[in-house]
Amino acid sequence: MLFVTSFLGSCLGFIVCYRTLVQLHHVRDPFRMRVCMLNSMSLAFVFSMFVELATGSKMIAVILPLLSVCVPLILSMKPLNVLDVIESGIASLMSISMSVMLIGMIENKVIWLIQCLLLAIEFLLYLSVTRGVSHDAS
């Protein structure tokens, strides 16, 4: 149950992430940064949990999501702003840390509820990005 939900959340999160990075380059920066930050926090949490459940390694569950969530976001920042880099790194690291700590600390039902809420958030972000592109591009 946790594995499937974290897998679905990760897939949807990466879709939102790359759709945001690729298609929102012409949208005003505050909207784009808000979507990127919300997505990176949500995606880092569910993807970290997915990696930990798949590999059984907390070390890999920290390193892989940090690289795969933060690096594309940082590379998309034009111009590169140190404060934005720090903010995205801290937000992702905090989400990853919370995800890694939760497994084994609390009931799986509670973790699953959190994952389901994050999956709903990712879906709402996807709708926001698709509607944001159609409204802001015109």
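The structure presented is a predicted model; accordingly, all values stated were derived computationally and were not measured. (Residues numbered from 1 in each chain as written. Predicted model: local features only at pLDDT ≥ 70, side-chain atom pairs only at ≥ 80, totals over all residues. Heavy atoms only, no water.)

Chemist: Describe a nonpolar patch on the surface, naming the residues involved and giving the relevant values.
Modeler: On the surface, a nonpolar cluster with roughly 430 Å² of combined accessible area is contributed by Phe3, Val4, Phe7, Leu8 and Leu53. Ranked by residues supplied to the nonpolar patch, first place goes to helix H1 (residues 2–23) with four residues. Along the chain, phenylalanine 3 falls in helix H1. (Patch = residues over 30% accessible without salt bridge, like charges linked within 9 Å, V, L, I, M, F, W, Y side chains within 5 Å. Areas by Shrake-Rupley, 256 points an atom, 1.4 Å probe, with all protein chains shown as cover. Salt bridge = Lys/Arg side-chain N within 4 Å of Asp/Glu carboxyl O. Helix = DSSP H or I, 4+ residues; strand = E, 2+ residues; numbered from the N terminus.)

Chemist: I'd love a proper account of the pattern of salt bridges, names of residues and values included.
Modeler: One pass over the structure, following the stated rule, counts one salt bridge. Residue lysine 58 pairs with glutamate 52 through a salt bridge whose shortest N-O separation is 2.7 Å. A relative accessible area of 8% places glutamate 52 in the buried class. (Buried < 20%, exposed > 50% of the residue type's maximum accessible area, 1.4 Å probe, protein only.)

Chemist: Got a sec to walk through the packing of aromatic side chains? Specific residues and values, please.
Modeler: Tallied over the entire structure, the rule returns three aromatic pairs. A centroid spacing of 5.0 Å and a plane angle of 40 degrees characterise the contact between phenylalanine 3 and phenylalanine 50, whose relative ring orientation is tilted. With phenylalanine 3 in helix H1 and phenylalanine 50 in helix H2 (residues 29–55), this pair connects stretches of sequence that are 47 residues apart. A relative accessible area of 40% means that phenylalanine 3 is categorised as partly exposed. Through a chain of ring-to-ring contacts, three or more aromatic side chains come together here, namely Phe3, Phe7, Phe47 and Phe50. (Phe/Tyr/Trp six-rings, centres within 6.5 Å; stacked < 30°, edge-to-face > 60°.)

Chemist: Report on helix H4 (residues 82–102), specifying residues and quantitative values.
Modeler: Side chains that are three or four residues apart share a direction in an α-helix, a result of its 3.6 residues per turn. An ideal rise of 1.5 Å per residue puts 30 Å on 21 residues; H4 measures up with 30 Å between its terminal C-alpha atoms. Among the residues of H4, those classed as buried are Asp84, Ser88, Gly89, Ala91, Ser92, Ser95, Ile96, Ser99, Val100 and Leu102. Directly after H4, the chain includes glycine 104, whose backbone phi takes a positive value near 95 degrees. (Expected span 1.5 Å × (residues − 1).)

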